[in-house]
Amino acid sequence: MASQPMNSSMPPNDTYGGDEIQAIILDAGYSSVRAGFAGEDTPKSFFSSSYGVTGNRTIFSDEDIHNPLLPELEIRNPMSKEGIVEDWDAATQLWEHAITSRLIRTKQGDPRKNGLNDVGGKDGVDVDMDAPDEEEKPLEEHPLLITETAWNTSKNREKAIEIAMENWGVPAFWLARNSVMASFAAGKATALVIDLGASTASVICIHDGLILKKSVQKSPLAGNWVSSQIRSLFGSVDPKVEVTPHFMISSKTPVDAGAPAQATYQKFENKITDSFRASEEERVLTEFKESVVQVYPGPGRLHYPHPVNGILNLENVKMSPGRVFEFPDGSNQMWGVDRMRIVEGLFDEKYALPTSEPPITKAQTIPEMVRASVSAVDVDLRPALLANIVVTGGTTLLQGFTDRLNWEISSLFPSARIKITAAGLTSERRFGSWVGGSILGSLGTFHQMWISRKEYEEFGASVVEKRCK
Amino acid sequence: MSQSGASIAPDCVTTFNDLKLNKKYKFIIFKLTDDYKEIVVEEASNEGDWEVFREKLLQAESKNMKTGKVTKGPRYAVYDFNYDLAAGEGSRSKITFIAWSPDDAGIQPKMVYASSKDALKRALNGLAVEFQGNDTDDIEYQSVLTKVSKGLASS
Ligand SMILES: Nc1ncnc2c1ncn2[C@@H]1O[C@H](COP(=O)(O)OP(=O)(O)OP(=O)(O)O)[C@@H](O)[C@H]1O
Ligand SMILES: [Mg+2]
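Conventions and cut-offs
- Residues numbered from 1 in each chain as written.
- Chains lettered and ligands numbered in written order.
- Predicted model: local features only at pLDDT ≥ 70, side-chain atom pairs only at ≥ 80, totals over all residues.
- Heavy atoms only, no water.
- UniProt positions renumbered as here; feature names shortened; annotations may be inferred.
- Buried < 20%, exposed > 50% of the residue type's maximum accessible area, 1.4 Å probe, protein only.
- Helix = DSSP H or I, 4+ residues; strand = E, 2+ residues; numbered from the N terminus.
- Right-handed = clockwise from strand over helix to strand, strands pointing away.
- Pairing = 2+ DSSP bridges.
- Contact = heavy atoms within 4.5 Å.
- Axes fitted to C-alpha atoms, helices over the stretch in contact; angles between N-to-C directions.
- Phe/Tyr/Trp six-rings, centres within 6.5 Å; stacked < 30°, edge-to-face > 60°.
- Lys NZ or Arg CZ within 6 Å of the ring centre and 35° of its normal.
- 1 Å grid on protein atoms, 1.4 Å probe; cavity = no way out; pocket = protein on both sides within 12 Å on 5 of 7 lines; lining within 4 Å.
- Points joined across faces, edges and corners; volume = space filled by probe spheres on them.
- Nonpolar A, V, L, I, M, F, W, Y, C, P; charged D, E, K, R; others polar.

- Named according to an unreviewed UniProt entry, chain B is Cofilin originating from Hymenoscyphus albidus.
- Taken directly from UniProt, the Subcellular location (unreviewed entry) text for chain B runs: "Nucleus matrix".
- Looking at chain B in UniProt, the text filed under Sequence similarities (unreviewed entry) is "Belongs to the actin-binding proteins ADF family."

- Per an unreviewed UniProt entry, chain A goes by the name Actin-related protein 4 and belongs to Hymenoscyphus albidus.
- Its UniProt record gives chain A the following Sequence similarities (unreviewed entry) comment, quoted word for word: "Belongs to the actin family."

## Observations regarding the pairing of strand β8 (residues 172-177) of chain A
Residues and elements named next belong to chain A.
Right, so step 1: Most of β8 is tucked away: 6 of the 6 residues are buried.
Right, so step 2: Of the two faces of β8, both are covered, the one formed by Ala172, Trp174 and Ala176 as well as the one formed by Phe173, Leu175 and Arg177.
Right, so step 3: For the crossover from strand β7 (residues 144-148) across helix α3 (residues 154-167) to β8, the handedness is right-handed.
Right, so step 4: Of the pairings in the sheet, the one linking β8 to strand β19 (residues 451-452) comprises 2 bridges and is antiparallel in character. Counterpart to Ala172 in the pairing with β19 is Ser452.

## Notes on the sheet that holds β7(A)
Residues and elements named next belong to chain A.
Right, so step 1: Within the open sheet, the 6 strands sit side by side as β3-β2-β1-β7-β8-β19. Their pairing is mixed. For this open sheet the edge positions go to β3 (45-48) and β19, each flanked by a neighbour on one side alone.
Right, so step 2: Sheet contacts for helix α1 (residues 88-102): β1 (24-28), β2 (32-37), β3 and β7; angle to β3, the most-contacted strand, approximately 145 degrees.
Right, so step 3: Against the sheet, helix α4 (residues 178-185) makes contact with β1, β7 and β8, and its axis sits at roughly 80 degrees relative to β8, the strand it touches most.

## Topic: the packing of aromatic side chains
Right, so step 1: Going through the model one piece at a time under the given rule, you end up with 26 aromatic pairs over all chains.
Right, so step 2: Between A:Phe234 and A:Phe327, the aromatic rings sit 5.5 Å apart at their centres with planes inclined by 75 degrees, giving edge-to-face as the arrangement. Here A:Phe234 is found in helix α5 (residues 223-236), whereas its partner A:Phe327 is found in the loop between β15 (323-326) and β16 (332-335), with 93 residues between them in sequence. As far as the burial class goes, A:Phe234 and A:Phe327 line up, both buried.
Right, so step 3: Here A:Phe446 and A:Trp450 contribute two aromatic rings whose centre-to-centre distance is 5.2 Å and whose plane-to-plane angle is 75 degrees, an arrangement assigned as edge-to-face. A:Trp450 shares its class with A:Phe446; the two are buried.
Right, so step 4: Grouping aromatic residues by their ring pairs yields a cluster made of B:Phe27, B:Trp50, B:Phe53, B:Tyr79, B:Phe81 and B:Tyr141.
Right, so step 5: Stacked on the ring of A:Phe347, the Lys or Arg A:Arg404 has its end atom at 4.5 Å from the ring centre.
Right, so step 6: In this structure, B:Lys147 packs its charged tip against the face of B:Phe131, placed 4.5 Å from the ring centre.

## Section: the environment of A:Trp335
All names here are of chain A.
Right, so step 1: Relative to the helices and strands, Trp335 resides in strand β16.
Right, so step 2: Between the alpha carbons of Trp335 and Gly322 there is a distance of 5.2 Å; along the sequence they are 13 residues apart.
Right, so step 3: In this structure Trp335 touches Leu233, Phe234, Val237, Val241, Phe288, Val292, Gly322, Arg323, Phe325 and Phe327, once residues within four positions along its chain are discounted.

## Let's talk about the layout of surface pockets
Right, so step 1: Empty space within the second largest pocket amounts to approximately 1,100 Å³.
Right, so step 2: What lines the second largest pocket is a set of 32 residues, and nearest its centre among them are A:Asp380, A:Pro383, A:Ala384, B:Glu130 and B:Lys147.
Right, so step 3: Mapped by element, the contributors of at least two residues to the lining of the second largest pocket are α10 (382-386) of chain A together with α3 (107-123), β8 (129-133) and α4 (141-149) of chain B.
Right, so step 4: For the lining of the second largest pocket, a count of residues per class yields 12 nonpolar, 9 polar and 11 charged.

## Notes on the sheet that holds strand β3 (residues 38-45) of chain B
Residue and element names in this part refer to chain B.
Right, so step 1: Strand order in the open sheet formed by 6 strands is β1-β3-β2-β6-β7-β8, and the pairing between neighbours is mixed. The strands lining the two open edges of the sheet, one partner per strand, are β1 (7-8) and β8.
Right, so step 2: Bridge count between strand β2 (residues 27-32) and β3: 6 bridges; the pairing is antiparallel. From the neighbouring strand, Ile29 faces β3, where its bridge partner is Glu43.

Given below as structure tokens:
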């Protein structure tokens, strides 16, 4: 029977997750791919989710995708705006590269796997198809656990096991929900998981290790949206701030705050594509997020009077010191209350800055998603969820985020006890679901859970639907 | 079977039934064996003082399977919790399941306990209330009384 664990049909194999055979954990998001061995504390392989296309070459390399000299280099991403795989060809190659280049030794001489990637793309895939039995597949010795979002499609789930089994030759496979992994890693079988990544923000109720489907809320108010808010701010100040990425600067001289940049610029013979430039600009925006942007921590909201002294919070903030940011061209300036205005929309749609996208709605804000998510579950369960809130994802590292979240949720549910758990370590916050998968995949007992190759061969790809809930 | 693959030792259920049906115990503390393969009874007791029970949870430890490092440890517990109703309407008894996972426990034991909990809960029939505790306040008598009685207990 498909729903039976594999030990009912074959003797347990204690070596999965043991010393001899190590499972590999793959946690792929919109901004990065995290891959590593089960049982380790952090993913050994941390890769950008972006890849490059130049001419008819496809490039999977964290260095080369930043190389402006590659002719007409276009930067692409296999993930959709909702953080699930959209382009399976690219995702397969990107993930395989993330695994083979950093984790496992592969035979020399196969250029597809020696990290050079020069012949990636279609050629490499064709080799597999022509001689499926002869070629040694890269993961024949490693069970593979892949994490996925709560809203991953059935088609994508089946595709994942197919790639793992057919292309990579894994002996065993598992799909784990990233929110459940993050919740478990925080020590909670029941939790409200709030994840703000790059493409998507989500709020999900988990009860006894299972996602409550009705409670799944998601919206685009995550890292990429914050970047678009920063761009909106840069375009609205006078003079406008142009983000000139590092690769365009050959030298710079220090200038006073607010003064025009004094830099010399690189000249390129080849065309620099918009996608390449946008991807390089994004790196600068991430630095800006890390060092300048701040969420107004509460109490109250930025554009409302302070509950105690009645003065607009915005005015109070103006009195606190700003933060200086130096752009790659050397220009620099102080960012005052604007550093908080750009993320206020996460909580209060009325104050989101205008962008080229349609305006955001109230339902997309974090507090409204929390309200909707919690309201969708049984009343009796709500206190346990609100007392066990797990915060994860890179965008939750915004300074002040958890304080504000605490204020927002406390005012939504004034009589409930609210407790937020957010890993203090940056790595744990960003790798929460990878770490959860890593521990699970390393357990001796977990060998009974894996979907074995035999099961896959017997029941086909749809076995994931039955086995991985 | 649990989501981690860990199994439940048969005496977990028999001990629980002794508490539930025969009122033989006031509480049971369950733990995962050091190899994380099985959930077993660590202690079954008829000690009636909540503080004694609480102290046992606070002192619980777990060992990291890989490094051998000992940290504060998670536990599961069942407590036969009794309280008087505020309106003088008599007393109530609630068999309460507690998933104790202190925030300062190691991440490995936290993960294993969280992913093994579902199976133990399913094996124990007749639990009236359950809650997760992560810090010392969560298992203060008063806060547990409020949770278990939904605020209806006399204090
Ligand atoms: N210190 C920081 N402060 C604010 N934002 C940050 C910080 N560090 C990273 N980010 C942002 O976090 C995002 C990446 O987070 P994360 O790694 O959780 O995303 P992901 O899982 O790849 O994406 P998704 O969940 O959308 O698929 C990026 O948008 C990045 O700019
Ligand atoms: Mg993510």
